[in-house]
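Observations on chain architecture
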Amino acid sequence: MKRNSKFVSNLITYGIVIAAWLICSFWMGNGMSSSLKAMLVPICCYVVLAISLNLTVGISGELSLGHAGFMAIGAFTGAILSTWIIAAFPEMNKDLVLTLAVVGGGVTTMIAGALIGIPVLRLRGDYLAIVTLAFGEIIRNILNMFYFSLDGSRLFGSFGNPNIPGKMIYNGAMGIKGVKMLAHFNAGVLLILFALAVVLNLINSRSGRAIMATRDNRIAAESVGINITKYKMMAFVTSAALAGMAGALYANNFYSIQSSKFNVDTSIQILVFVVMGGIGNMRGTVIATTLLYLLPELLRDFSQYRMLIYAIMLILVMVLGNNPLLRNLWMNINPFRKPLKRRAKADE
Amino acid sequence: MSERKRTETRMVPYPSGSFVPERDLGAQPVLECSHLGIEFGGLKAVEDFNIVMGPTEIGGLIGPNGAGKTTIFNLLTKVYQPTHGSILLQGRDLNPLTTVEVNRLGIARTFQNIRLFTNMTVEENVRIGLHNQIPCGMFSGILRLPAYFSAEKKQHEKAMELLSIFDMTGLADVKAGSLPYGAQRRLEIVRALATAPKLLLLDEPAAGMNPHETEELMENIIRIRDQFRIAILLIEHDMKLVMGICEDICVLNFGRIIAKGTPEQIQNNPVVIEAYLGKQRSEAGAEKEEKA
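A quick note: this is a predicted structure, and the numbers were derived from the prediction, not measured.

**Quick notes on the packing of helix α7 (residues 181–194) of chain B against helix α8 (residues 211–228) of chain B**
Residues and elements named next belong to chain B. Remark: α7 packs on α8, axes separated minimally by 12 Å, with the N-to-C direction vectors making an angle of 5°. Taken together, the axes of α7 and α8 are roughly parallel relative to one another. Counting all contacts with α7, which are made through Gly182, Arg186, Ile189 and Leu193, the residues of α8 involved are Glu213, Leu217, Ile224 and Phe228. Partitioning the contact of α7 with α8 into residue classes produces five nonpolar, one polar and two charged.

**Things to note about the domain arrangement of chain B**
Residues and elements named next belong to chain B. You can read the domains of chain B as domain 1 (2–106 + 196–291) and domain 2 (118–194). Measuring from the centre of the C-alpha atoms in domain 1 to the corresponding centre in domain 2 gives 28 Å. In this assembly, 19 residues from domain 1 lie in contact with 13 residues from domain 2. Counting the surface lost from both domain 1 and domain 2, the interface buries some 1,300 Å², and carbon and sulfur atoms represent 63% of this. When the buried surface of domain 1 facing domain 2 is broken down by residue, Ala196, Ile224 and Phe228 rank first, second and third, together holding 28% of it. Applying the counting rule to domain 1 against domain 2 returns one salt bridge.

**Side note on empty space enclosed by the protein**
All names here are of chain B. Scanning the model with the defined rule gives three cavities of 30 Å³ or more in all. Each pocket or cavity is described by its volume, and for the largest cavity that value is around 60 Å³. Looking at the largest cavity, the residues that line it are Ser18, Ile51, Val52, Met53, Glu57, Gly59, Gly60, Asp248, Ile249, Cys250 and Lys260. For the lining of the largest cavity, the secondary structure elements donating two or more residues are β4 (43–53), β5 (58–62) and β11 (248–253). Across the lining of the largest cavity, the residue classes tally to five nonpolar, three polar and three charged.

**Some details on the side chain of B:Asn220**
Relative to the elements of secondary structure, B:Asn220 occurs in helix α8. Ignoring sequence-local partners within four residues, the contact set of B:Asn220 consists of B:Ile165 and B:Phe166.

**Re the sheet that holds strand β1 (residues 146–151) of chain A**
All names here are of chain A. Overall, antiparallel pairing links the three strands, which are arranged β2-β1-β3 in an open sheet. Looking at which strands have only one partner, the edges of the open sheet turn out to be β2 (154–159) and β3 (167–171). Adjacent strand axes in the sheet meet at a mean angle of 20°, parallel and antiparallel pairs treated alike. Bridge count between β1 and β3: four bridges; the pairing is antiparallel. Each residue of the ladder has a partner; that of Leu150, found in β3, is Lys167.

**Considering the packing of aromatic side chains**
All names here are of chain A. Inspection of the entire model under this criterion finds 12 aromatic pairs over all chains. Consider the rings of Tyr46 and Phe273, whose centres lie 6.0 Å apart with planes at 85°: the pair is edge-to-face. One end of the pair, Tyr46, is in helix α2 (residues 34–59); the other, Phe273, is in helix α10 (residues 264–277), and 227 residues separate them in sequence. Comparing Tyr46 with Phe273, the two get one shared label, buried. Members of the aromatic cluster, connected to one another through ring pairs, are Phe76, Phe146, Phe148, Phe159, Tyr170 and Phe262.

**Comments concerning the sheet that holds β5(B)**
Residues and elements named next belong to chain B. Strand order in this open sheet of six strands is β8-β9-β10-β5-β11-β12, and the pairing throughout is mixed. Whereas interior strands pair on both sides, the edge strands pair on one side only; in this sheet they are β8 (107–109) and β12 (256–261). Neighbour-to-neighbour, the strand axes of this sheet turn through a mean angle of 20°, independent of strand direction. The sheet contact formed by β5 and strand β10 (residues 231–235) spans four bridges and is parallel. For Leu61, the partnering residue across the bridge sits in β10 and is Ile235. In this fold α8 packs onto β5, β9 (199–203) and β10, with an angle of close to 155° to the strand it touches most, β10.

About the thresholds
- Residues numbered from 1 in each chain as written.
- Chains lettered and ligands numbered in written order.
- Predicted model: local features only at pLDDT ≥ 70, side-chain atom pairs only at ≥ 80, totals over all residues.
- Heavy atoms only, no water.
- Axes fitted to C-alpha atoms, helices over the stretch in contact; angles between N-to-C directions.
- Helix = DSSP H or I, 4+ residues; strand = E, 2+ residues; numbered from the N terminus.
- Parallel < 35°, antiparallel > 145°, perpendicular 65-115°, else oblique.
- Contact = heavy atoms within 4.5 Å.
- Nonpolar A, V, L, I, M, F, W, Y, C, P; charged D, E, K, R; others polar.
- Domains from an automatic or database assignment.
- Buried area = accessible area lost by both parts, 1.4 Å probe.
- Salt bridge = Lys/Arg side-chain N within 4 Å of Asp/Glu carboxyl O.
- 1 Å grid on protein atoms, 1.4 Å probe; cavity = no way out; pocket = protein on both sides within 12 Å on 5 of 7 lines; lining within 4 Å.
- Points joined across faces, edges and corners; volume = space filled by probe spheres on them.
- Pairing = 2+ DSSP bridges.
- Phe/Tyr/Trp six-rings, centres within 6.5 Å; stacked < 30°, edge-to-face > 60°.
- Buried < 20%, exposed > 50% of the residue type's maximum accessible area, 1.4 Å probe, protein only.

Take a look at the structure:
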């Protein structure tokens, strides 16, 4: 019965995404404002980023503050790949190019995640958070040193040397220019469904249970023979790969993009989506990300207060969410509440 | 029933000054510790600890608080790296191995302060114990390959089978953290058993249990030994349990073994009485009267 209820819960999560997709598809043909249309793909990207960060923060229990770094690696890999593939194989189907770019971004980021995970996952708690924050910035600065150019269909790349032949596509700190904006809403929704499937399937499998066991009680997990490093790494690398894929899709949605976009603010913003949606709660993350991304646009007049409101909301959620008095109150007014265990026992 | 089982066994001396049950004499001992010790910055927490356990022996480790009993468990499971001596599990040296590898080789334990995965259900806790017994890779889990479904089914069946030892199948979907104390202790034993150990270490299994539950636990420990054919080493302060089921008892004080022997020998050992057991009330009373 327990597993059935989990299965139903996962179906509801997929259902919400598909319903939102249907509504938006219908709305797009019937007078959706252009500013909202432009936000659809970024929303999808941030939903995927938040889902992937929730795997690290919620399921694996490691506070990572460098998620934008992984997004950056995926974004630049994806954008360079799509530009180069279009130059080399102009006949290729555009969706296939986008798929290749997204997969390429994911694979590159997966490798980067594994390399970063080796030193970072030796740490715990606050120290891990600080080091991931640093790695996020290091990635961004290293990316500023890369140069890529296209000479016909040949791709040139260098590290620290801008003198390479052909037309510059990725010019260090100036970022990438001339991306062929292949991303579209349907691709975004597909990526969300893919990320959800990966994360939810992982959680409800032997590996996922091992990851959660490592989070809940390290010593006990070791005592039953769970290789802690392996499962922390598994969560971290999966999370990085999904973030890279989201980054690749994100970059393919804009004509130009600079590495300054992927700074600490972006990392914190994704973390806010995760905390607001519920740590370890994928459905909540999807909903919270969508709402929180839309809100600043809807309240454009107050946009300069956005970070202030985020901070206050974050504190309120952390303080009030754990207040037993308010929890009780919520339990009593919530029409969908589950009966309390103690009460059920007394009835027997 | 438990009383009868124990008195049947005869302990026979083993070369290094230990005793093993007569039935285990021909077999290779499951655990051999020689001169095991650990120092924490000059403090000798455990010193010169020697023990031999037969493959189906139930051993007891008793002693006053702070004597180093739990430290020995931590040494055996390699939570601490011993500074002296050696541990052999079925003849294999555990010194270079990690906690995880020691568990895979066959030592499972429970904890004095219960360490369950409290946010997960009872069944999930046991399934985590089955981690290395019924493997299923990450990709078959994510892609939901047929291997995933067959492994999940096997895990479910095995978990239920293990839970039925303690009649806990009805609690499979309950959160482990909301179980009563005694049930949490039992679940921890089930989780340890799920790792298919050759040696089970129980750290105060009866702590917080009422006399009736303790009685049941005693029978269950013997049943587990007979059913799984494993050795069990337990730390316990409940003398009824220790004297009732242990075949060989080792008494520790200040990190050193002060006595070894069968329950009868231990109960009558003046050193143990002085350090740990104390005099029986009637005796103590009689002495007082004499003085008066």
